[in-house]
Amino acid sequence: MDASSAAGQAQLFEYIINSNQTGVCVFDAVRDAAGTFLDFRFSYVNPAGAAIMGKHPEKLIGVSYRAYFSQAESSGLLAFYRTVLESGQPARLLEVPYFADGIRGWFDINVVKYQDAVVVSFVDISVLKRTQISERKQATFFNQLLQTTPNAVIAYEAIRQPTTDGTPGEIVDFKAVFFNPKYERLFGTPAATIQGQTFRARFDAEDKSLFDYYKGVVERGESFQRERYYNVINKWLLLLGEKLYDGFLLIINDITEQKETQLDQQQLTNALQTANQELLRSNENLQQFAYVASHDLQEPLRKIQQFGDLLKARTAGASEEAVDYLERMQSAAGRMSTLIKDLLSYARISTRQDENQPVPLAQVVGNVLDDLQVSIAEAQATVQVDELPTVTGDAMQLGQLFQNLIGNALKFRRTDTALHIRVQCRLVAAAAIPGTVRIARQPTAYYQIDVIDNGIGFEEKYLDRIFQVFQRLHSRREFSGTGIGLAICEKVVANHGGAITAASQLNHGTTFSVYLPA
């Protein structure tokens, strides 16, 4: 090749490089007298590369790499270029971010060794990268929107019969490819079941026509809106959907409440009249029960106890066994009487009360402690009662409240430590009451009365259960009782416009907190 052709070829290469949109830089190695590598410096930069860096090419020639790039070390690029220089192996970096020194973007970088220098070509992919980020943000946004929407959403993809010629086969089923948490909650179906079962496996047992309907939707490419009653969840649903790729998308609204309000007004009136009649009958039955419990059932028990007293008086000198039998008989009659009284108390609490009387709680609790004196002595318990207020209410019901709470502490005591019970009170603002405590009225302040013990406690997951009638956390062999006491407590405080809750840990005692209007 003669000199003229070589010069022409060099001009061609220079023209190609200078007119290219790819940035090109040549970095010469900078070494000390011993040949040790110290740095790079610009020896060439094409217009595209200079434009990316926001400089004129002449302003860059001869400039030290470390001096120009403030992140030469932290970005790892200087070390990367040196590795290529020393190994002689070309290398590539993809999607390299650089946001300093007037440069803001992402770059694909190719590096090759040339003599004692490296040639770095870099393509600005910032537009593409920002588009990808924007698309990811948009996808994340729509995914979060679908996850948090109050509507249930599910997308199905067709399962088709395999074919030998590559044409789409007949649709034989569908599989769920997306669903949000609202869909799981609406149908009461866990994600594993929705993902693991096909459409027909889930719904054919209820209605085989569902599959045919949605198969037609996909084949015809139509959108639809329909109302449907689902027996499996006992709900009316409004279904909005359309074909989506090779499947369909459903947006589901629970319209059960709206459908119920569309019932004929006369039907609602009839239902209300029927309910009122049932309520009247229930109240009559309750009155009859109260009469039977207070007269017909209690009278035989009193006779048993009276005749037991007579027998004991006339059997002086009888054997200890005979006396023991009599005492057991009277004790059983007493327990039966207690159960009847508890049931009667619970039945009467809603209808027989006098809330308008001032009730000194100190006197109420004092009377309760007198009644429980024997039980307190047997348990070797210490009871501490702080100053208590006077409230407006029904003294008998409030007595039942504290009788049950303190009796509860005596019953559920630990055997390995001395029982200590404390009754304390403080005034709290209505706004300070925990949100989990349901209050029947809304005065400005409440008395919070805590009955605290160091007994066996319970797991707080059973908190709602303990206030239900006949609900027990322990077997009758472990602890005796009717299972009515705490239900009575809840009804008493509700009658007085207050509430009751508890905090407890196993083997760390229980605190029952009663809130009564101040």
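Keep in mind it's a predicted model, so treat the numbers as computed, not measured.

K.L.:
Is there a simple way to think about the sheet that holds strand β7 (residues 171–179) in this case?
P.N.:
Hydrogen bonding along the main chain pairs the strands of a sheet, whether they run parallel or antiparallel. Pairing in this open sheet of five strands is antiparallel, and the strands run β7-β6-β10-β9-β8 from one edge to the other. The sheet terminates laterally at β7 and β8 (223–230), the two strands that pair on one side only. Neighbour-to-neighbour, the strand axes of this sheet turn through a mean angle of 30 degrees, independent of strand direction. Sheet analysis places β8 next to strand β9 (residues 235–243), joined by eight bridges and oriented antiparallel. Its bridge partner lying in β9, Gln-225 is registered against Leu-240. Along the sheet face, helix α10 (residues 209–220) touches β6 (152–160), β7, β8, β9 and β10 (247–254) and points at about 85 degrees away from the line of β7.

K.L.:
Whenever I open this one, the sheet that holds strand β1 (residues 23–31) confuses me. Can you help?
P.N.:
With antiparallel pairing, five strands are arranged side by side in an open sheet as β2-β1-β5-β4-β3. The sheet is open, and its two edges are formed by β2 (37–45) and β3 (91–100), each paired on a single side. Strand-to-strand twist across the sheet, computed as the mean angle between neighbouring axes with direction ignored, equals 35 degrees. Summarising the sheet, β1 and strand β5 (residues 117–124) pair through six bridges and their orientation is antiparallel. Looking across to β5, one finds that Phe-27 is bridged to Val-118.

K.L.:
Sorry if this is basic, but what is going on with the nonpolar core here?
P.N.:
Inside soluble globular proteins, nonpolar side chains tend to come together where they are buried. One finds Leu-361, Leu-401, Phe-402, Leu-405, Ile-406 and Leu-410 to be the most contacted residues of the largest nonpolar core, which totals 39 residues. Secondary-structure elements contributing two or more residues to this core are α15 (361–371), α16 (373–379), α17 (395–411), β14 (420–429), β15 (445–453), α18 (485–495), β16 (499–504) and β17 (510–517). Broken down by element, this core gets its largest block of residues, seven residues, from α17. Other than its neighbours up to four places away in sequence, Phe-402 contacts Leu-361, Val-364, Val-365, Val-368, Gly-407, Ile-449 and Val-451.

K.L.:
Before we go on, may I ask you to explain the packing of α17 against α18 in this structure?
P.N.:
Two quantities define a packed helix pair, namely the angle between the helix axes and the distance between the axes. Close contact between α17 and α18 brings their axes to 9 Å; oriented N to C, the two are set at 140 degrees. Judged by the sense of rotation from one axis to the other, the crossing of α17 with α18 is left-handed. Within the contact between the two elements, α17 uses Gln-397, Leu-398, Gln-400, Leu-401, Asn-404 and Leu-405 and α18 uses Gly-485, Leu-486, Ile-488, Cys-489, Val-492, Val-493 and Asn-495.

K.L.:
Got a minute to help me understand the pairing of β16 in this structure?
P.N.:
The side chains of a regular strand alternate between both faces of the sheet. The element β16 is largely enclosed, with a buried count of five among its six residues. Here β16 runs beside β17; their pairing, made up of six bridges, is antiparallel. Residue pairing for β17: Thr-501 is matched across the bridge by Ser-513. Linking two consecutive strands that pair antiparallel, namely β16 and β17, is a turn of five residues; a positive phi of about 65 degrees is found at Asn-507 within it.

K.L.:
What am I meant to see in the pattern of salt bridges here?
P.N.:
Opposite charge on two side chains allows them to pair when their charged atoms are near. For the coordinates displayed, the defined rule picks out 16 salt bridges. Residue Arg-414 is joined to Asp-416 by a salt bridge in which the shortest nitrogen-to-oxygen separation is 3.1 Å. Several salt bridges share partner residues, and in doing so they unite Asp-39, Arg-66 and Glu-73 into one network.

K.L.:
What am I meant to see in helix α5 (residues 77–87) here?
P.N.:
Residues three or four positions apart in an α-helix share a direction because the helix packs 3.6 residues into each turn. Residues of α5 that are buried include every one of Leu-77, Leu-78, Phe-80, Tyr-81, Val-84 and Leu-85, and no others. When α5 is viewed along its axis, its buried side chains cluster within an angular range of 165 degrees and face the same direction. Where α5 is buried, its residues meet β1, β2, α4 (65–68), β3, β4 (103–114) and β5. Once α5 ends, the next one or two residues include Gly-88, with phi positive near 75 degrees.

K.L.:
Quick question: what am I supposed to make of unusual backbone geometry here?
P.N.:
It is generally the case that most residues other than glycine have a negative phi and that most peptide bonds are trans. Although it is not a glycine, Gln-115 adopts a positive phi angle of roughly 50 degrees. If you trace the backbone, Gln-115 turns up in the loop between β4 and β5. A positive phi angle, near 50 degrees, is found at Gln-380, a position not held by glycine. Mapped onto the elements, Gln-380 comes out in the loop between α16 and β12 (382–385).

K.L.:
What is the right way to read the packing of aromatic side chains from this model?
P.N.:
One pass over the full model with this rule turns up 32 aromatic pairs. For the ring pair Tyr-156 and Phe-199, a centre distance of 5.2 Å and an interplane angle of 85 degrees mean the geometry is edge-to-face. In this pair, Tyr-156 sits in strand β6 while Phe-199 sits in helix α9 (residues 199–203), placing the two residues 43 residues apart along the sequence. Accessibility assignment for this pair places Tyr-156 and Phe-199 in one class, buried. An aromatic cluster is present here, built from Tyr-156, Phe-174, Tyr-183, Phe-187, Phe-199, Phe-203, Phe-211, Tyr-213, Tyr-214, Phe-224, Tyr-230 and Phe-248 joined pairwise through their rings. Its end group placed over the ring of Tyr-213, Arg-226 keeps NZ or CZ at 3.9 Å from the ring centre. Lying across the ring of Tyr-230, Arg-228 places its NZ or CZ 5.4 Å from the centre.

Rules behind the numbers
- Residues numbered from 1 in each chain as written.
- Predicted model: local features only at pLDDT ≥ 70, side-chain atom pairs only at ≥ 80, totals over all residues.
- Heavy atoms only, no water.
- Pairing = 2+ DSSP bridges.
- Helix = DSSP H or I, 4+ residues; strand = E, 2+ residues; numbered from the N terminus.
- Axes fitted to C-alpha atoms, helices over the stretch in contact; angles between N-to-C directions.
- Contact = heavy atoms within 4.5 Å.
- Core = buried A, V, L, I, M, F, W, Y, C linked by side-chain atoms within 4.5 Å.
- Buried < 20%, exposed > 50% of the residue type's maximum accessible area, 1.4 Å probe, protein only.
- Left-handed = near helix turned anticlockwise from the far one by under 90°.
- Salt bridge = Lys/Arg side-chain N within 4 Å of Asp/Glu carboxyl O.
- Arc of directions from axis to C-beta.
- Phe/Tyr/Trp six-rings, centres within 6.5 Å; stacked < 30°, edge-to-face > 60°.
- Lys NZ or Arg CZ within 6 Å of the ring centre and 35° of its normal.

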